[in-house]
Amino acid sequence: MDVAVNLDSIQKQIRQACARSNRNLEEITIIGVTKYVTIERTEEALQAGVTNFGENRLDGFLTKYNHFQDRAKWHFIGTLQSRKVKEVIDKVDMIHSLDRMSLAKEINKRASDVMDCFVQVNVSGEETKHGLKTEEVLAFMEEVSKYEKVRVVGLMTMAPQIEDESRLREIFRSLARLRDEVRNQNFSHAPCEFLSMGMSNDFSIAVEEGATHIRIGSSLVGE
Ligand SMILES: *Cc1c(COP(=O)(O)O)cnc(C)c1O
């Protein structure tokens, strides 16, 4: 399917989710996840109007970045090894996977400017998922203030691959509540306004529950 056709359908679903939850469409950024697809398919997405792209691995990211450079905004959405930070740091707009203090330290060391990061939270508690536990998040926010080049702009989570809508909703709602809690602390280094949540199978629910950045791969560009 053409990316433009898929994008239309996704935008329509986002509009409907916004209408159901009284939200503004403008608050939501679609991140096209291009990890499965070629440069050509990514080009098609760019032509269709997708301007934010996400990659979860260093090699895939560099291939796309070297080709497109600043024609798009880049998001690093996968687990990031500390030794690879220097290769992504001044190329990405946002890192969605800050999940440990040692990574914050490395980002701080390598960044030439303030780096916008999402703190990844393992809300569902699945063992295979990366991220802080919910109860660790506030202490992390306090401690990370010592790294002046790390700005926490929001929280990110990956929901499990399940059909159970009410469980998914509960996970997204928990992340939104946690975001509110952090935001209410008024940390200058952690405004924590955003919620990076929702993928191909669950983005409508995520939008209803407050997502500001949805990361969509397979249903937008294919697998
Ligand atoms: C692959 C991936 C996505 C997109 O997944 P789809 O189900 O294909 O939309 C989103 N977020 C992360 C972190 C991913 O690794």
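So what exactly am I meant to see when it comes to the pairing of strand β3 (residues 73–76) here?
Within a regular strand, side chains alternate between the sheet's two faces. Of the pairings in the sheet, the one linking strand β2 (residues 52–55) to β3 comprises four bridges and is parallel in character. The residue bridging E55 from the neighbouring strand is F76, located in β3. As defined by bridge partners, β3 adjoins strand β4 (residues 94–98) across two bridges and the pair is classed as parallel. Bridge pairing in β4 links F76 to I95.

Hey, could you run me through helix α7 (residues 165–183) in this one?
Structural remark: α-helix, 3.6 residues per turn; residues separated by three or four positions point the same way. With 19 residues, α7 extends 27 Å from end C-alpha to end C-alpha; this agrees with the ideal 27 Å at 1.5 Å per step. All buried positions along α7 are accounted for by L168, I171, F172, L175, A176, L178, R179 and V182. The buried residues of α7 occupy one face: seen down the axis, they fall within an arc of 160 degrees. Relative to its buried face, α7 has exposed residues pointing more than 90 degrees away, namely S166 and R177. In this fold, the buried residues of α7 make contact with α6 (137–144), β6 (150–156), β7 (194–196) and α8 (203–208).

When you look at unusual backbone geometry in this model, what are you seeing that I'm missing?
Trans is the prevailing form of peptide bonds, just as negative phi is the prevailing case for residues other than glycine. The backbone of N22 shows a phi angle near 55 degrees, a positive value even though the residue is not glycine. Along the chain, N22 turns up in the loop between α1 (3–21) and β1 (29–33).

I would appreciate a short explanation of the pairing of β2 in the present structure.
Residue alternation in β2 divides its side chains into two sets, N52 and G54 and F53 and E55, and both sets are buried. The pairing of β1 with β2 spans two bridges and is classified as parallel. Each residue of the ladder has a partner; that of G32, found in β2, is F53. Handedness of the crossover is the feature at issue here: the chain leaves β1, passes through helix α2 (residues 39–48), returns alongside β2, and the resulting connection is right-handed. This β-α-β element, β2 to helix α3 (residues 58–68) to β3, shows right-handed connectivity.

Would you take a moment to explain the site of the ligand for this structure?
Neighbouring the ligand are V33, K35, Y36, N56, I77, M158, M199, S200, R215, I216, G217 and S218. The contact in question runs from an oxygen atom of the ligand to an N or O atom on the side chain of Y36, over 3.1 Å. S218 places a polar main-chain atom, nitrogen or oxygen, 2.8 Å from an oxygen atom of the ligand. Protein contacts shield 94% of the accessible area of the ligand, which totals 390 Å² for the unbound molecule. Placement of the ligand is best described as lying within the largest pocket. Here the shell around the ligand is composed, by residue class, of six nonpolar, four polar and two charged.

So, how was this worked out
- By convention here, each chain's residues receive numbers from 1 onward along its written sequence.
- Residue-level local features of this predicted model are given only where pLDDT is at least 70; pairs of side-chain atoms are given and counted only at 80 or more, and the full residue set underlies all totals for whole chains, interfaces and linings.
- Excluded from the side-chain calculation are hydrogens and water; included are all heavy atoms of the structure.
- Pairing between two strands is assigned when DSSP locates at least 2 bridges connecting them.
- Comment: elements are numbered from the N terminus, with helices defined as DSSP H or I runs of at least four residues and strands as E runs of at least two.
- Multiplying 1.5 Å by the residue count of a helix minus one yields the expected span of that helix.
- When accessible area is computed with a 1.4 Å probe and restricted to protein chains, residues below 20% of their type maximum are described as buried, those above 50% as exposed, and intermediate ones as partly exposed.
- Here, the arc refers to the directions that run from the helix axis to the C-beta atoms.
- Contacts between residues were defined by any pair of non-hydrogen atoms, one from each residue, lying within 4.5 Å.
- Here, the term right-handed applies to a crossover whose path from the first strand over the helix to the second runs clockwise when the strands point away from the viewer.
- Throughout, the term near means that a residue has one or more heavy atoms lying within 4 Å of the molecule or strand in question.
- In protein, a polar contact means a hydrogen-donor-capable atom and an acceptor-capable atom, both N or O and within 3.5 Å, with residues adjacent in sequence counting only if both atoms are side-chain atoms; elsewhere, any N or O pair within 3.5 Å suffices.
- Computed with the Shrake-Rupley method and a 1.4 Å probe, the accessible areas treat only the protein chains shown as cover for residues.
- Cavity and pocket criteria rest on a 1 Å grid covering protein atoms alone: a 1.4 Å probe that fits but cannot get out defines a cavity, protein on both sides within 12 Å along at least 5 of 7 lines defines an open pocket, and an atom within 4 Å of a point defines a lining residue.
- Whether a molecule lies in a cavity or pocket depends on its atoms, and more than half of them have to be within 2 Å of the grid points.
- Any residue outside Ala, Val, Leu, Ile, Met, Phe, Trp, Tyr, Cys, Pro, Asp, Glu, Lys and Arg is labelled polar, Gly included; the first ten of those are nonpolar and the last four are charged.

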